[in-house]
Amino acid sequence: GVGALDIAREHGVSAEVVDHRDYATREDFDSALVAAIDRSAPDLVVLAGFMRVLGREAVERYAGRLVNIHPSLLPAYPGLHTHRRALADGAAMHGCTVHFVTPEVDVGPIIAQSALPVRSDDDEASLAALVLELEHRLLPAAVGWFCAGRLVVDGTRVRILDDRADAGPTPGTVS
């Protein structure tokens, strides 16, 4: 039932499933997940739709190369039910954030954000759908910047280098 597995198969990308329900503890799951990730020796680990909190050891193992997309303009609305909370607060703007993952949930250095106005007729479902469209543009752009060596973490901030004419989109062009 995981659509990403079908997409991977269509494109000849190897994939491995590590089901948290097969493990008695969070630590056992994290260990199995880390082992599976390490088998492919990735340069970057992307959490997209991964609705589990990784333990400190797993996060620190991939420090500086573990990113997540979150459906809010962090630091606003960390955690769950972001669209519902934005609507309840009467937020004028909402969106998504790509950030480096740290052991503290949803507070890692922000790579990029994309925003949209909240319309008066938006409900949780319509706002979620609009934000998902932003996510589908922002995450690939951020991954591209990482792979091109354009991201520099400076404390809690991320700078995106733009010193080449062929460097691809800049943060201002992703909306």
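Up top you'll find the structure we're talking about.
The shown structure was predicted, so the numbers you read here are calculated from the model rather than taken from an experiment. (Residues numbered from 1 in each chain as written. Predicted model: local features only at pLDDT ≥ 70, side-chain atom pairs only at ≥ 80, totals over all residues. Heavy atoms only, no water.)

Draft legend 1. View of the packing of helix α4 (residues 82-89) against helix α5 (residues 124-147). Running from amino to carboxyl end, α4 crosses α5 at an angle of 115 degrees, the nearest separation of the two axes being 9 Å. Relative to α5, α4 is oriented so that their crossing is right-handed. Within the contact between the two elements, α4 uses His83, Arg84 and Leu87 and α5 uses Glu124, Leu127, Ala128 and Val131. Along the lines of polarity and charge, the residues of the contact of α4 with α5 split into 4 nonpolar, 1 polar and 2 charged. (Axes fitted to C-alpha atoms, helices over the stretch in contact; angles between N-to-C directions. Helix = DSSP H or I, 4+ residues; strand = E, 2+ residues; numbered from the N terminus. Left-handed = near helix turned anticlockwise from the far one by under 90°. Contact = heavy atoms within 4.5 Å. Nonpolar A, V, L, I, M, F, W, Y, C, P; charged D, E, K, R; others polar.)

Draft legend 2. How the structure looks around the state of the cysteines. This structure, assessed with the given rule, holds 0 disulfides. Its sulfur unpaired, cysteine 96 is 18 Å from the next cysteine sulfur, which belongs to cysteine 147. What makes cysteine 96 buried here is its relative accessible area of 0%. You can call cysteine 147 exposed: its relative accessible area is 60%. (Disulfide = S-S within 2.5 Å. Buried < 20%, exposed > 50% of the residue type's maximum accessible area, 1.4 Å probe, protein only.)

Draft legend 3. Here's a closer look at α5. The end-to-end C-alpha distance of α5 is 34 Å, a good match for the 34 Å that 24 residues give at a rise of 1.5 Å each. Taken together, the buried positions of α5 are occupied by Leu127, Val131, Leu134, Glu135, Leu138, Leu139, Ala141, Ala142 and Trp145. For α5, the N-terminal cap is aspartate 123; the gap from its side-chain oxygen to the backbone nitrogen of alanine 125 is 3.2 Å. (Expected span 1.5 Å × (residues − 1). Polar contact = N/O pair within 3.5 Å; in protein donor to acceptor, adjacent residues only side chain to side chain.)

Draft legend 4. Up close: the environment of serine 31. Summarising the element assignment, serine 31 is placed in helix α2 (residues 26-40). In this structure, the C-alpha to C-alpha distance between serine 31 and asparagine 68, residues 37 residues apart in sequence, is 19 Å.

Draft legend 5. Local environment of unusual backbone geometry. In this chain, leucine 74 is followed by proline 75 through a cis amide linkage whose omega measures 15 degrees. Considering the arrangement of structural elements, one finds proline 75 in the loop between β2 (66-70) and α4. In this model, alanine 41 sits at a positive phi of 45 degrees, which is unusual for a non-glycine residue. According to the relative accessible area criterion, alanine 41 is exposed, its value standing at 59%.

Draft legend 6. Highlighting the side chain of aspartate 122. Along the polypeptide, aspartate 122 turns up in the loop between β4 (110-117) and α5. Given a relative accessible area of 9%, aspartate 122 falls into the buried group. One polar contact links aspartate 122 to arginine 119, side chain to side chain, over a distance of 2.7 Å. Among the polar contacts listed, one links the side chain of aspartate 122 to the side chain of serine 126, at a separation of 2.9 Å. With near-sequence residues (within four places) excluded, aspartate 122 lies in contact with Leu87, Pro117, Leu127 and Leu130.

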